Amino acid sequence: MMSFSLPNFDLDRFVRDTLAEDLGGGVPGGGRDLTSESVIPADAMFAGVMDSRDPITVAGLPIADAFFRALDPDVQVERLVAEGDELGAGAHIMRLSGNARALLTAERSALNTVQHLSGIATLTRKYVQAMGRTDCVLLDTRKTLPGLRALEKYAVRMGGGQNHRMGLWDAAMIKDNHVLVAGSVNEAVGRAVTAGVAQIICEVDRLDQIEPAIRAGATRLLLDNMDAGTLQQAVALVGGRVQTEASGGITLETIGAKAATGVDYISVGRLTQSAPAADIGLDFTPL
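Residues numbered from 1 in each chain as written. Predicted model: local features only at pLDDT ≥ 70, side-chain atom pairs only at ≥ 80, totals over all residues. Heavy atoms only, no water.

1. With respect to the sheet that holds strand β11 (residues 265–267)
At step 1: Pairing within the open sheet is parallel, and its 6 strands lie in the order β6-β11-β10-β9-β8-β7. A strand with exactly one partner marks an edge of an open sheet, and here the two such strands are β6 (137–139) and β7 (172–174). Direction aside, neighbouring strands of the sheet carry axes that sit 25° apart on average.
At step 2: Here 2 bridges tie strand β10 (residues 243–247) to β11, and the two strands are oriented parallel to one another. From the neighbouring strand, Glu 245 faces β11, where its bridge partner is Tyr 265. (Pairing = 2+ DSSP bridges. Helix = DSSP H or I, 4+ residues; strand = E, 2+ residues; numbered from the N terminus. Axes fitted to C-alpha atoms, helices over the stretch in contact; angles between N-to-C directions.)

2. Some details on the pairing of strand β8 (residues 200–204)
Strand residues, when the strand is regular, have side chains that alternate between the two faces of the sheet.
At step 1: Of all 5 residues that make up β8, 5 are buried, and the element is covered over most of its length.
At step 2: By the alternation rule, side chains of β8 split into Ile 200, Cys 202 and Val 204 and Ile 201 and Glu 203, which are all buried.
At step 3: In this sheet, β8 lies alongside β7 in parallel orientation, the contact comprising 3 bridges. Counted as the bridge partner of Ile 174 is Cys 202 from β8.
At step 4: Judged from the 4 bridges that link them, β8 and strand β9 (residues 220–224) form a sheet pairing that is parallel. Looking at the pairing, Cys 202 lines up with Leu 221 of β9.
At step 5: In the classification by handedness, the crossover that spans β8, the intervening helix α8 (residues 210–216) and the parallel β9 is right-handed. (Buried < 20%, exposed > 50% of the residue type's maximum accessible area, 1.4 Å probe, protein only. Right-handed = clockwise from strand over helix to strand, strands pointing away.)

Printed below as a string of structure tokens:
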């Protein structure tokens, strides 16, 4: 089994808590798979194949592996593809064999995770491809499900994107409400500079906010909800002095034109917020 680790993510705890949720851990009468216990003999063995039903970019196989091993330490798992691989419909992803009760109990948790993460990776890959041949980098956002940020941002990387801030701690992002309280763009940015913040991202939604933000010390401008023509003007006004990032309502239909304006980054919240689950199945055969 290949090792799998992510910063600020405890795989063992994730598997344990997810299985406990499904099995009713701590609930009166819970802690078991009632269906499998009553229908499947304790010594029955299964072999299974996980496959894609649609074209996908795969992510999450090491986590699925961990779910099965948590309930059957002797399970045989063969990953047939690598994380980040693009697969056609009908591609075999993973083969496994082991105790039937254990595999059936772990099946839903394993599939939910792979379907969700592969869905994010698949949508991310579509956005990357829609950007065309530019130097622009696709970023995710903090629009993630509570408790799943590390996994969802991992899936974005598997799809060819990069990660924006991991949280509120690793960069300052001054948005309209911060500006509203501070009084102005230059005042808000100036306060962050005075506080010794190294990375200061400042949202601007008008061209006349660009110069004050740069002069005050912003290190990146978040060009919010600008059409491609306005973005091009904004990039020209910045003139390479700081990094630029386009955001707000970016779709597969509009990202190509916006990437071509010369912005350094484009951030898309729907990568993690709205990606549909990938259609992945797992079919078992008794041994």
